[in-house]
Amino acid sequence: MQAHQSETMAAGDSLSHGAGVPKSAPRHSPESWEAIAERLTALRETYGESQAAFARRVGVNVTTWNNFETAVSRISIDNAMRLCRATRVTLDWIYFGNE
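Residues numbered from 1 in each chain as written. Predicted model: local features only at pLDDT ≥ 70, side-chain atom pairs only at ≥ 80, totals over all residues. Heavy atoms only, no water.

Chemist: Just to check I follow, could you spell out the overall build of the chain for this structure?
Modeler: When helices and strands are tallied, the chain shows five helices and zero strands. Here the chain holds 99 residues, and the buried ones make up 41% of them. Restricting to contacts in the chain with at least 6 residues of sequence separation, those with at least 24 account for 46%. Here the chain displays about 5,400 Å² of accessible surface, and carbon together with sulfur accounts for 49% of that area. (Helix = DSSP H or I, 4+ residues; strand = E, 2+ residues; numbered from the N terminus. Buried < 20%, exposed > 50% of the residue type's maximum accessible area, 1.4 Å probe, protein only. Contact = heavy atoms within 4.5 Å. Areas by Shrake-Rupley, 256 points an atom, 1.4 Å probe, with all protein chains shown as cover.)

Chemist: Even after reading the chapter, I still don't get the pattern of salt bridges, so can you show me in this structure?
Modeler: Side chains carrying opposite charge are able to pair once their charged atoms draw close together. By the definition in use, this model includes two salt bridges. Glu49 serves as the salt-bridge partner of Arg57, at 2.5 Å between the closest nitrogen and oxygen. Classification of Glu49 by relative accessible area gives buried; the value is 18%. (Salt bridge = Lys/Arg side-chain N within 4 Å of Asp/Glu carboxyl O.)

Chemist: What exactly am I supposed to notice about the environment of Phe68 here?
Modeler: As for its position among the elements, Phe68 is in helix H3 (residues 62-69). C-alpha separation for the pair Phe68 and Ile36, spaced 32 residues apart in sequence, amounts to 8.0 Å. Residues contacting Phe68, with those up to four places away along its chain left out, are Ala37, Leu40, Ser73, Arg74, Ile75, Ser76 and Asn79.

Chemist: Hey, could you run me through the confidence of the model for the chain in this one?
Modeler: It should be kept in mind that the predicted coordinates are not to be read in detail where pLDDT is low. Taken residue by residue, the chain gives an average pLDDT of 81. The fraction at 70 or more is 72%. Taken together, the stretch residues 1-19 has pLDDT below 50 and engages in 45 contacts with residues farther than four places along the chain or on a different chain. (pLDDT = per-residue confidence, 0-100.)

Chemist: Whenever I open this one, unusual backbone geometry confuses me. Can you help?
Modeler: With glycine set apart, most residues show a phi of negative sign, and most peptide bonds adopt trans. Positive phi, close to 65 degrees, is recorded for Ala71, a residue that is not glycine. Within the secondary structure, Ala71 sits in the loop between H3 and helix H4 (77-87). Given a relative accessible area of 11%, Ala71 falls into the buried group.

Chemist: How do you make sense of the packing of aromatic side chains when you look at a structure like this?
Modeler: Any two aromatic rings considered together are summarised by their centre-to-centre distance and by the angle between their planes. The tally for this structure, following the rule as stated, stands at three aromatic pairs. Summarising the aromatic geometry, the rings of Trp65 and Phe68 are spaced 5.9 Å apart at their centres and angled 80 degrees between planes, so their arrangement reads as edge-to-face. A residue pair is termed a helical-turn pair when its members lie 3 or 4 positions apart in one helix, as Trp65 and Phe68 do in helix H3 at three residues. One aromatic cluster is present, formed by Tyr47, Phe54, Trp65 and Phe68 through successive ring pairs. (Phe/Tyr/Trp six-rings, centres within 6.5 Å; stacked < 30°, edge-to-face > 60°.)

Chemist: Is there a simple way to think about the side chain of Ser29 in this case?
Modeler: Counting through the fold element by element, Ser29 comes out in the segment before helix H1 (33-46). At 2.9 Å, the side chain of Ser29 and the side chain of Glu31 are in polar contact. (Polar contact = N/O pair within 3.5 Å; in protein donor to acceptor, adjacent residues only side chain to side chain.)

Structure below.
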């Protein structure tokens, strides 16, 4: 398993994409599993849905979605594309935090 990164970002960096995703400063490098997990959790929370409901919205298994949110595994490109279609976020936002 890949080692997780624990670098910090500059204070001005944020997790924002459009109106739907809240800004919050990640504690990790934007590409780290942990930072991706934080963005995915923040996105789901903007929808006000449980992990199970959001997993259904995206079209993935709830255990799989939980693994993404807890940084047990990184979201695959196929699942990321499903997420993009379901929520209109971009792959750049998912993987790098770019708006």
